[in-house]
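A structural walkthrough
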Amino acid sequence: MEAPAAPHDAGDLELTVTSPDQMRELGRRLAKLLRAGDLLMLSGELGAGKTTLTRGLGEGMGVRGAVTSPTFVIARVHPSLGDGPPLVHVDAYRLSGGLDEMEDLDLDVSLPESVIVVEWGEGKVEDLTEERLQVVIHRAVGDTTDEVRHVTVSGLGERWAAVDLSVLSA
């Protein structure tokens, strides 16, 4: 991974990732910053690497089960193999009803003791907590085999104000 570009504000970090292995490694690094109660919202085009990043999170958190896209089951819980929090992986792509459908998943109940990762959560999970980590993954679109991804990590709220996101670019 290349060194981060100049941050837009105190809570943003920009990274360039050039392979799926680097995206998984970013997830493993990010896992070290997470604790129970954290909400991550992942955004990006289809094939951008959201599930690959989450797979790295699962590896870094030491959870049970292979992390795969929960598109058809909507949410999948991966219990910790140690004393860490479980990982709740949500794919909100198929949820069209916004917050009402998200509330049916009872994420607010799971949030205090879990790390919740939501793919495609824009406009659907913001009311769960004002404190969240937003990860936006940009990739070239169209007929391309380009593996380069531009990742912006933004910490929102008091929880993330004192977290040094620059450790993700190490």
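Please read all numbers here as calculations on a predicted model, not as lab measurements.

Strand 7 (residues 149-156) sits mainly inside the fold: 6 of its 8 residues count as buried. Bridging between strand 1 (residues 12-17) and strand 7 involves 6 bridges; their strand directions are antiparallel. Across the sheet, Val17 pairs through a bridge with Arg149, a residue of strand 7. Inspection of the sheet shows strand 6 (residues 132-139) paired to strand 7 by 8 bridges, in the antiparallel sense. Counterpart to Gln134 in the pairing with strand 7 is Ser154.

Let's shift gears to the sheet that holds strand 6. Read across the sheet, 7 strands follow the order 1-7-6-2-5-4-3 without closing on themselves; strand pairing throughout is mixed. The sheet terminates laterally at strand 1 and strand 3 (75-78), the two strands that pair on one side only. Recorded for the sheet is a direction-independent mean angle of 15 degrees between the axes of neighbouring strands. As judged from the 4 bridges shared by strand 3 and strand 4 (residues 87-91), these two strands associate in the antiparallel manner. The residue of strand 4 that forms the bridge with His78 is Leu87.

Okay, the confidence of the model for the protein next. Overall, the predicted model of the protein reaches an average pLDDT of 83, with 80% of residues at or above 70. Per-element confidence in the protein is highest for helix 1 (residues 20-31), whose mean pLDDT is 96, and lowest for helix 3 (residues 99-104), whose mean pLDDT is 57.

A word on helix 1. Helical geometry note: an α-helix holds 3.6 residues per turn, so side chains three or four residues apart project in the same direction. Its 12 residues place the ends of helix 1 17 Å apart at the C-alpha level, agreeing with the 16 Å of an ideal helix rising 1.5 Å per residue. Those residues of helix 1 that fall on the buried side of the exposure criterion are Met23, Leu26, Gly27, Arg29, Leu30 and Ala31. For helix 1, the elements touching its buried residues are strand 1, strand 2 (39-44), helix 2 (50-61), strand 6 and strand 7.

With that out of the way, let us pick up the packing of aromatic side chains. Under the counting rule described, the total for this entry stands at 0 aromatic pairs. A cation over a ring is seen here: Arg159 above Trp160, with NZ or CZ 4.0 Å from the ring centre.

The next subject is the pattern of salt bridges. A full pass over the atoms with the stated rule returns 5 salt bridges. In this structure, the salt-bridge partner of Glu59 is Arg24, at a minimum N-O distance of 2.0 Å. Residue Glu59 is located in helix 2, and its partner Arg24 is located in helix 1; the two are separated by 35 residues in the primary sequence. A salt bridge links Arg159 to Asp38, with the nearest nitrogen and oxygen atoms 2.7 Å apart. Of the two residues, Arg159 is situated in helix 5 (residues 158-161) and Asp38 in the loop between helix 1 and strand 2; the sequence distance between them amounts to 121 residues.

Here we take up helix 2. Over its 12 residues, helix 2 extends 16 Å from the first C-alpha to the last, a length consistent with the 16 Å expected when each residue adds 1.5 Å. Within helix 2, 9 of the 12 residues are buried, leaving the element largely enclosed by the surrounding structure. Of the residues making up helix 2, those classed as buried are Lys50, Thr51, Thr52, Leu53, Thr54, Gly56, Leu57, Gly58 and Met61. Its buried side turned inward, helix 2 meets helix 1, strand 2, strand 4, strand 5 (115-119) and strand 6. Gly62 lies just past helix 2 and shows a positive phi near 70 degrees.

All right, on to the environment of Arg149 then. If you trace the backbone, Arg149 turns up in strand 7. In this structure Arg149 comes out as buried when scored by relative accessible area, which is 10%. Here Ala48 takes part through its backbone oxygen, which lies 2.7 Å from a polar atom of the side chain of Arg149.

The rules behind each value
Residues numbered from 1 in each chain as written. Predicted model: local features only at pLDDT ≥ 70, side-chain atom pairs only at ≥ 80, totals over all residues. Heavy atoms only, no water. Buried < 20%, exposed > 50% of the residue type's maximum accessible area, 1.4 Å probe, protein only. Helix = DSSP H or I, 4+ residues; strand = E, 2+ residues; numbered from the N terminus. Pairing = 2+ DSSP bridges. Axes fitted to C-alpha atoms, helices over the stretch in contact; angles between N-to-C directions. pLDDT = per-residue confidence, 0-100. Expected span 1.5 Å × (residues − 1). Contact = heavy atoms within 4.5 Å. Phe/Tyr/Trp six-rings, centres within 6.5 Å; stacked < 30°, edge-to-face > 60°. Lys NZ or Arg CZ within 6 Å of the ring centre and 35° of its normal. Salt bridge = Lys/Arg side-chain N within 4 Å of Asp/Glu carboxyl O. Polar contact = N/O pair within 3.5 Å; in protein donor to acceptor, adjacent residues only side chain to side chain.

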